[in-house]
Amino acid sequence: MFQHKDIELPALSRKTIDGVRYYDVDDKPLVSITSVTSWYNRQIFIDWRKRVGEEEANRVTKRSTSRGTKVHTLIENHLLNKEVEPDTPGSKMLFKQAIKTLDNIDNIYALEKSLYSKELGVAGTVDCIAEYKGELAIIDFKTAAKPKPRDWIENYFVQAAAYACMFYELTDIPVKKLVIIMTCENGEVKVYEEYDKKTYMQKLIKYIEKFITEKLNEYQDCLLYTSDAADEEDSVDLGGRRI
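Cut-off values and rules
Sequence order sets the numbering: in each chain, residues are counted from 1 along the sequence as written. The predicted origin of the model limits local features to residues at a pLDDT of at least 70 and limits the giving and counting of side-chain atom pairs to 80 or more, whereas totals for whole chains, interfaces and linings rest on all residues. The side-chain numbers reported here are obtained from all heavy atoms of the structure, hydrogens and water having been left aside. Burial classification: accessible surface area is computed with a 1.4 Å probe over protein chains only, and a residue below 20% of its type maximum counts as buried, one above 50% as exposed, and the rest as partly exposed. Helix numbering and strand numbering both begin at the N terminus, where a helix is a DSSP run of H or I of at least 4 residues and a strand a DSSP run of E of at least 2. Directions are taken from the helix axis to each C-beta atom, and the arc is the one they span. In what follows, a contact means two residues having at least one pair of non-hydrogen atoms within 4.5 Å. Think of it this way: DSSP has to see at least two bridges between two strands before they count as a pair. For this analysis, a ring pair means two rings from Phe, Tyr or Trp (six-membered ring only for Trp) whose centres lie within 6.5 Å, classed as stacked if their planes differ by under 30 degrees, edge-to-face if by over 60, and tilted for the remaining angles. In this scheme, Lys NZ or Arg CZ marks a charge over a ring once it lies within 6 Å of the ring centre and within 35 degrees of the ring normal. Whenever a nitrogen or oxygen atom comes within 3.5 Å of another N or O atom, the pair is scored as a polar contact, on the condition that within protein one atom can donate a hydrogen and the other can accept it, and that pairs from neighbouring residues in sequence are kept only if both atoms are in side chains.

Novice: Explain helix 4 (residues 89–96) to me, please; I cannot follow it from the model alone.
Specialist: Residues that lie three or four places apart on an α-helix share one face, since the helix turns once every 3.6 residues. Listed in full, the buried residues belonging to helix 4 are S91, L94 and F95. Looking straight down helix 4, one finds its buried side chains confined to an arc of 95°; they lie on one side. If you follow the buried residues of helix 4, they end up packed against helix 3 (54–79), helix 5 (99–102), strand 6 (135–144) and strand 7 (177–184).

Structure below.
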């Protein structure tokens, strides 16, 4: 049986604005850390979609998202000490092979809980905060076809570092390390552990700065466009208001 800690964390609502997810914190929107990390790496995915074609990219994305959601749910229920019933052979295999690794988790502080940092201006939903091999960690669960090289998953550690900052801001409890558990279709379960939180917190600032700078540039371009349209006596609809 997995032990759980009684700790109060916020329940936040979410909304999407211009394709970006935000969390409502005290009636103010804080950008999702997932949106920030996705934005930072978006050119990689744009290039990939061009290379494989839209139809194949959509197929792979849909399959990966479905696989990840199913396995996440199985892992969450397992850690909640609930009976687990995989509904597909693929999700069953990915979950079953990860059980031995999941047994290294205990004293769980959070599972799929909302977190935020007013200081950083970001929020998100953490997979798990718990002790991993006796050390308090931010734990993220991933699925993949095969293990990824460590230098391919910088964004995973950046996101985990963000959760560490949010958790500390809300609770004054520091985590010892960042842990990514990746269960793969080739039969491997890869665990990536990182103790150097400072490096990824510094990278997190760069991710946030890039997001803010480029989103502001987008909005400025939009304002210039609408201004030009007005100069040409064209009418532009902005949220029900025509200018």
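Novice: I'm lost on the pairing of strand 1 (residues 14–17) in this one. Help?
Specialist: Here is the key point about a regular strand: its side chains alternate between the two faces of the sheet. One ladder, built from four bridges, connects strand 1 with strand 2 (residues 20–25); its direction is antiparallel. For R14, the partnering residue across the bridge sits in strand 2 and is Y23. Here strand 1 folds back onto strand 2 in antiparallel fashion, the turn holding two residues, of which D18 has a positive phi close to 55°.

Novice: How should unusual backbone geometry be read in this particular structure?
Specialist: Excluding glycine, residues mostly carry a negative phi; peptide bonds, for their part, are mostly trans. Here D26, not a glycine, exhibits a phi torsion of approximately 55°, which is positive. Position of D26 among the secondary structure elements: in the loop between strand 2 and strand 3 (28–32). We note that K133 has phi near 55°; this positive angle belongs to a residue other than glycine.

Novice: Would you mind going over the packing of aromatic side chains with me for this structure?
Specialist: By convention here, two paired aromatic rings are described through the distance between centres and the angle between planes. Going through the model one piece at a time under the given rule, you end up with four aromatic pairs. Summarising the aromatic geometry, the rings of W39 and F211 are spaced 5.9 Å apart at their centres and angled 80° between planes, so their arrangement reads as edge-to-face. With W39 in helix 1 (residues 33–40) and F211 in helix 7 (residues 197–231), this residue pair connects regions lying 172 residues apart in the sequence. Judged on exposure class, the residue W39 and its partner F211 are both buried. Measuring from ring centre to ring centre gives 6.2 Å for Y109 and F167, while their planes differ by 85°; the resulting arrangement is edge-to-face. Of this pair, Y109 sits in strand 4 (residues 105–117) while F167 is found in helix 6 (residues 154–171), placing the two residues 58 residues apart along the sequence. Taking relative accessible area as the criterion, F167 reaches 0% and is therefore assigned buried. Directly above the ring of Y156 sits K142, whose terminal nitrogen or CZ lies 4.3 Å from the centroid.

Novice: What's the story with the side chain of T143 in this structure? I'm lost.
Specialist: Mapped onto the fold, T143 is located in strand 6. Note on T143: relative accessible area 15%, which makes it buried. A distance of 3.1 Å separates a polar atom in the side chain of T143 from a polar atom in the side chain of R67.

Note that all results are geometric; they support no functional claim without further evidence.
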